[in-house]
Amino acid sequence: MNRTYRIDDGRQTLVLAARNDRLPEVVYWGALLPADENLDTLHAAHAIDVTGGMLDENPDLSICPEATRSFPGQPGLIVRDSDGTPLLPKFCFADAVQKDDLLYLAYWDKENRIGLKFAFKSDDETHVIACETHLDATRPVHLHWLAAPVLPGPQQSDEMIDVSGRWCGEFQLSRTAWAPGMRYRENRTGRTGHEHFPGLIVPCRGATNTEGEAYAFHYGWSGGHKMIAEELQDGRRQIQWGHAARMETEAATQFKTAPLYIVYSDTGLNGCAVAFQRHLRDRIVTWPKPNAPRPVHYNCWEAVYFDHKLPVLQDIADRAAALGAERFVLDDGWFGNRDDDTRSLSDWTVDPRKYPDGLHPLIEHVHGLDMTFGIWFEPEMINEDSDIHRANPHWVFGAEDQTLGRQQKALNMALPEVRDFLYERMSAILRDHHIDYIKWDHNRVLPMPDASQTRGSYALIDRLRAEFPLVEVESCASGGGRIDFGILQRTQRVWLSDSNDALERLRIQHDAALFLPLSVTGSHVGPRHCHTSGRTLDISFRAWVAAQRHMGFEMDPRELDETEAAVLTEVTSWWKHNRNWMQTADILRLDSADPAVIAEQQLARDKNRFVVFAGKAATSAQIAPRPLRLTGLEPTATYRINLTNRNTLHRLSRGTTALKTDALEVSGAYLMRHGVTLPWSFPERMWVLEGTRL
């Protein structure tokens, strides 16, 4: 007897099938199938042949591959009994429920008295399927590895794209060829990490940003993950996701994975990107004020660092407001005796030396400028030189002689008394002041991975959000060290990178758009002379790169000359004028014919308007710009396109390119098949092209 199930979301179909009472395997995942497709036939057609050197029957590549059924690859579950004895479970069917967009499957092993439950939830609007695995036991067991539902890797793919990075260099795409054996990625840093964003894209042969088939995965967990992409000797491929191995340090009767978000696209990598962008923005993030426009930020960190002086901050706030800022964020240095990064973390009381009258005078001044006020915390961390460490050294997570990171240790977030203390200190600041925003930092990796640490952090954020539902939270971890859909269930913005170098940001933002929408992605105009790279970049380039995402400033506005202030004010005004539609637009990566140009197109949901950002990251090999093809337009429609920043043309651009002087009216077919011919420019410049459908 076969058991078959299908999940549809209007763009993709996932078919699972099982023989008798066995765990099911995915026998089809791809483009939408006809409603009357015979699933038993698909199950039969899915089987591969048997020949010499093989078992007489191919073991199932199920949604949790079982070693006890002779599966030759990595199993989906590794578990030990209460006394440490390894278990080799064999699961049999117990229950199945399918209703609307939810499929629920349950299996039980009578001999070992453990069970697995699988949940799949589809979404007809975002075209993302979320799935997870639960393990239940009749007594405490020790978990080594539990995979979310295991998916097959496509046979038409030659390579996979996963994500690495570093501080000030996040979201670096790594391409690895499929080959027999494993691509094994494991993050044991205890946070999502700059190095190990939990995402994977598997393009089929010939896929580009705008065309072809691709499959994509994201594991929504902030504590460190493991990914296995394995090709078996028979040619089959499996992709597994879960928490990093051995993260569950205590025996328990219940365990579960984080949600695994999966996408199939027949419109290239952009189809995956749009699905993730929409799902994160519209399904995962909880917005304190859902219909409010995203405010222009000002963050004072790179202006003053720890040197807080009320008159200086008030002057900076005046200047930021004049440039167009709508939110002022007071960064590190306002509490305890925090004059540098060696002391006072966890002493969350206002420093009376710097603020003898408390924070109220600064907050009132900021509010008088029609800006909201935000504040920096790093709740999970503690300095040895702090009152709290001296009073409660046992609150520290990890060994006493551990290696420090940024002169700090982590607090043990699994301890209720630690969470209660942090809640009391933070809630007192929020209750006593009119604060709309928290920048929540996490500046070091953990001494060891422990799932209870991540769950404790989630619990604290959830408790504060419940008490202060109108306070927005930004996830920062030395920049982009904690970005994932798990933390974004609790926060509304991420600090993508500590790099405010617009040239580096151009690339980081471009690659992060495979998963992140504009509305959550903070991007700030940095100093003229970048503090993290040493580069000196033009104000127009810096401003337009920030305008690609949730815009803000982080330079000292006192450094701006009259021309720079005018340019920044103009670009900020443009962003405010366009942010309402850009907040819900799809970010589409363009296939640039010139590798020196990093370009994207933000397309409104109704497809009636768009903006193209074409950043020149290096000197082109050829002299004249190559045409830039657009995407996602109606071929037969006519579009009016206009070069927004033609006032930045350089005198060395001497030709008569039409866009230099006039708007053009051309078809979508022309824009997508030939492309836009932009004027010449130096490197480290940005062209901004706006289009409207006529």
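In what follows, the structure referred to is the one given above.
Model, not experiment: these values are computed from the prediction. (Residues numbered from 1 in each chain as written. Predicted model: local features only at pLDDT ≥ 70, side-chain atom pairs only at ≥ 80, totals over all residues. Heavy atoms only, no water.)

### Looking at the side chain of glutamine 277
In step 1: Looking at the element boundaries, glutamine 277 is found in helix 2 (residues 268–284).
In step 2: A distance of 2.7 Å separates a polar atom in the side chain of glutamine 277 from the backbone oxygen of alanine 513.
In step 3: Apart from the residues lying within four places of it in its own chain, the contact partners of glutamine 277 are Ala513, Phe515, Leu516, Pro517, Ala585, Asp586 and Ile587. (Helix = DSSP H or I, 4+ residues; strand = E, 2+ residues; numbered from the N terminus. Polar contact = N/O pair within 3.5 Å; in protein donor to acceptor, adjacent residues only side chain to side chain. Contact = heavy atoms within 4.5 Å.)

### A few points about the sheet that holds strand 22 (residues 372–377)
In step 1: Read around the closed barrel, eight strands run 20-21-22-26-27-28-29-30, paired in parallel fashion. Going from strand to strand, the sheet's axes swing by 30° on average, the running direction of each strand aside.
In step 2: Set on the sheet, helix 10 (residues 539–546) makes contact with strand 29 (521–525) and strand 30 (550–553); between it and strand 29 the angle comes to about 165°.
In step 3: In this fold helix 11 (residues 562–582) packs onto strand 29 and strand 30, with an angle of close to 155° to the strand it touches most, strand 30. (Pairing = 2+ DSSP bridges. Axes fitted to C-alpha atoms, helices over the stretch in contact; angles between N-to-C directions.)

### Concerning the sheet that holds strand 35 (residues 664–667)
Strand pairing within a sheet occurs via backbone hydrogen bonds; the two strands may be parallel or antiparallel.
In step 1: Overall, antiparallel pairing links the six strands, which are arranged 31-32-33-36-34-35 in an open sheet. Here the strands that pair on one side only, and so sit at the sheet edges, are strand 31 (586–589) and strand 35. Across the sheet, the axes of successive neighbouring strands diverge by a mean angle of 25°, strand direction being ignored.
In step 2: Pairing of strand 31 with strand 32 (residues 597–603), which is carried by four bridges, proceeds in the antiparallel orientation. In the sheet register, arginine 589 faces strand 32, and the bridge partner there is glutamate 600.

### As for the environment of tryptophan 29
In step 1: Take tryptophan 29: it is sitting in strand 3 (residues 25–31).
In step 2: What tryptophan 29 contacts, discounting residues up to four positions off in sequence, is Gln12, Thr13, Leu14, Leu151, Pro152, Tyr215, Ala216, Phe217, Ile262, Val263 and Tyr264.
In step 3: Side chain to side chain, tryptophan 29 and glutamine 12 meet in a polar contact 3.0 Å long.

### Section: the pairing of strand 12 (residues 169–177)
In step 1: Sheet topology note: the strand 11 (residues 159–166)/strand 12 ladder contains seven bridges and is antiparallel. Pairing of serine 164 across the sheet is with glutamine 172, part of strand 12.
In step 2: Taking the residues that link successive antiparallel strands as the turn, the strand 11-strand 12 hairpin has two residues, and the phi of cysteine 168 there is positive, at about 65°.

### Some details on the packing of aromatic side chains
In step 1: Enumeration over the complete set of coordinates arrives at 28 aromatic pairs.
In step 2: Plain terms: the ring middles of tryptophan 334 and phenylalanine 377 are 5.5 Å apart, the flat faces sit at 85° to each other, and that makes the pair edge-to-face. In this pair, tryptophan 334 sits in the loop between strand 21 (327–330) and helix 5 (360–368) while phenylalanine 377 sits in strand 22, placing the two residues 43 residues apart along the sequence. In this pair, the class of tryptophan 334 matches that of phenylalanine 377, namely buried.
In step 3: In this structure an aromatic cluster arises from ring pairing among Phe171, Phe197, Tyr261, Phe276, Phe485 and Phe515. (Phe/Tyr/Trp six-rings, centres within 6.5 Å; stacked < 30°, edge-to-face > 60°. Buried < 20%, exposed > 50% of the residue type's maximum accessible area, 1.4 Å probe, protein only.)

### Concerning the pairing of strand 36 (residues 685–693)
In step 1: Pairing geometry for strand 33 (residues 609–616) and strand 36, over eight bridges, is antiparallel. Paired with phenylalanine 610 across the two strands is glycine 691, which belongs to strand 36.
In step 2: Here strand 34 (residues 638–643) runs beside strand 36; their pairing, made up of five bridges, is antiparallel. When the sheet's bridge partners are listed, isoleucine 641 is paired in strand 36 with glycine 691.

### Topic: helix 5
In step 1: Among the residues making up helix 5, those that are buried are Leu362, Ile363 and Val366. Seen end-on, helix 5 carries its buried residues on one side only, within an arc spanning 95°. Pointing more than 90 degrees away from the buried face of helix 5 are the exposed residues Glu364 and Gly368.
In step 2: Against helix 4 (310–323), strand 21 and strand 22 lie the buried residues of helix 5. (Arc of directions from axis to C-beta.)

### Considering the pattern of salt bridges
In step 1: Applying the stated criterion across every chain, the model contains 55 salt bridges.
In step 2: For glutamate 186, the salt bridge identified is with arginine 188, shortest N-O distance 2.9 Å.
In step 3: You can call glutamate 186 buried: its relative accessible area is 18%.
In step 4: Exposure remark for arginine 188: the relative accessible area of 31% places this residue in the partly exposed category.
In step 5: For arginine 535, the salt bridge identified is with aspartate 501, shortest N-O distance 2.7 Å. With arginine 535 in the loop between strand 29 and helix 10 and aspartate 501 in the loop between strand 28 (493–495) and helix 9 (502–512), the pair connects residues that are 34 residues apart, well separated along the chain.
In step 6: Aspartate 501 sits in the buried class, given a relative accessible area of 0%.
In step 7: Linked by salt bridges that have partners in common, Asp332, Arg338, Asp341, Glu378 and Arg406 make up one network. (Salt bridge = Lys/Arg side-chain N within 4 Å of Asp/Glu carboxyl O.)

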